[in-house]
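A structural walkthrough
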Amino acid sequence: MGEPNNALKVYMNRADRIKSVLEYYLGTKLPPDWKCEETGGFLTVRNSKGKLSFRERDFLGKAQAWGVRFLLGLENQDSINLTYPWRLMELDYLTYRREIERIQERNDCNEVKYGAEDDFKYRYRKDDCLKPVLNLTLYWGRKKWKKPQALKDMMGNMGRLPEKLQRLAGDYPVHMVCMREIPDEDIQKMDSDLRYVLGIMKRTASPKQYKEYIRKNRAYFSRMPKSAVDVIDACTNIKNITEKLEYTLNAETREEETDMCKALDEIEKNAVKRGLKKGVKQGRKQGERRGALMMLFSLVNDGLLNVGEAARRAKLSKDVFCAKMTKAGYKKPI
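Here we summarise the structure given alongside this text. Just so it is clear, the model here is predicted, and its values are computed rather than measured.

**Re the packing of aromatic side chains**
In total, this model carries eight aromatic pairs according to the counting rule given. Aromatic ring contacts, followed pair by pair, group Y196, Y213, Y220 and F221 into a single cluster. Against the face of Y247 rests K226, its NZ or CZ located 5.3 Å from the ring centre.

Printed below as a string of structure tokens:
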């Protein structure tokens, strides 16, 4: 798990940001009964030798909407993963396995009596049911993700097989939101600060555009949460700003905040100072060089120094030296 994924995982673990991206995906507002609480996406795996390892979801929450309870899975991708559909299927398999194990444990604790239609062998009743896992993948990368967007995209060509046999191959689709491709009009409808993070990410190709955007939205960028800065830092090329930021703790939100507008103003002010200083230095050097050339011109003109030696000292060719000497008002040396 790389730095961008870590930053995105922290940033998107907040209810208002999750709500914004779901409402964009659905094209409508979530109902009043909407709620979502993280439940933990840490999943254990035991290999054939009995050794334990783990998988971890970016976000897994107990959610409710329209009177239905379900599990909501959000996965962040900052680059194209050619095994992603399989990886997503594995995460869902492990999540459902954990659900089944919890149902079995509950049935054991309650000393459930199984009926004729229940599955006593697997300690699972007819009325037991799994909460569906609804997955949405958020792709934050710059390159266009064409494939794979389903498990079948990872498979070889089955065209020679009868269609009925082809249908036996199970598929697993990836439902994806390409975050950098969300239209500006839809970004403006978002109720969370995701609108500003996406707004600046879409403008990082042009320093002029993202600087104008920061100043236009000064109210937000003057109190920007650190979790949002981390995403900008990890997923864009404007590190020259993020490296200069100073943070203070917001007592209300308990999150560190920073003033990106102030940092931008200071960077540009220092750039102007450096430019002036460089200009003065260059002017001084040019003045010194001009004075040295005039002295050489005078020495050649008075016959105290031959033109070849003067050109060598000026680090110029003889022809260029003569041309400059004539331009300065001296007679062309013989």
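Read on, since the account is not over.
**Focus: a nonpolar patch on the surface**
Where nonpolar side chains cluster on the molecular surface, the patch consists of Y25, L26 and W66 and spans about 340 Å² of accessible area. Secondary-structure assignment places Y25 in helix α2 (residues 15-26). By relative accessible area, which is 40% here, Y25 ends up partly exposed.

**Remarks on the side chain of S20**
The residue S20 is located in helix α2 in this model. Setting aside residues no more than four positions away along its own chain, S20 makes contact with M190, D191, S192 and L194.

**Focus: the packing of helix α1 (residues 3-11) against helix α9 (residues 226-235)**
Running from N to C, α1 and α9 cross one another at 155°; their axes reach a closest spacing of 9 Å. On the basis of their axis angle, the class for α1 and α9 is roughly antiparallel. Considering only the axes of α1 and α9, their crossing is left-handed. When α1 is examined against α9, the residues E3, P4, A7, L8, V10 and Y11 are found in contact with a partner set consisting of S227, A228, D230, V231, D233, A234 and C235. Across the contact of α1 with α9, the residue classes tally to nine nonpolar, one polar and three charged.

Cut-off values and rules
- Residues numbered from 1 in each chain as written.
- Predicted model: local features only at pLDDT ≥ 70, side-chain atom pairs only at ≥ 80, totals over all residues.
- Heavy atoms only, no water.
- Phe/Tyr/Trp six-rings, centres within 6.5 Å; stacked < 30°, edge-to-face > 60°.
- Lys NZ or Arg CZ within 6 Å of the ring centre and 35° of its normal.
- Patch = residues over 30% accessible without salt bridge, like charges linked within 9 Å, V, L, I, M, F, W, Y side chains within 5 Å.
- Areas by Shrake-Rupley, 256 points an atom, 1.4 Å probe, with all protein chains shown as cover.
- Salt bridge = Lys/Arg side-chain N within 4 Å of Asp/Glu carboxyl O.
- Helix = DSSP H or I, 4+ residues; strand = E, 2+ residues; numbered from the N terminus.
- Buried < 20%, exposed > 50% of the residue type's maximum accessible area, 1.4 Å probe, protein only.
- Contact = heavy atoms within 4.5 Å.
- Axes fitted to C-alpha atoms, helices over the stretch in contact; angles between N-to-C directions.
- Parallel < 35°, antiparallel > 145°, perpendicular 65-115°, else oblique.
- Left-handed = near helix turned anticlockwise from the far one by under 90°.
- Nonpolar A, V, L, I, M, F, W, Y, C, P; charged D, E, K, R; others polar.

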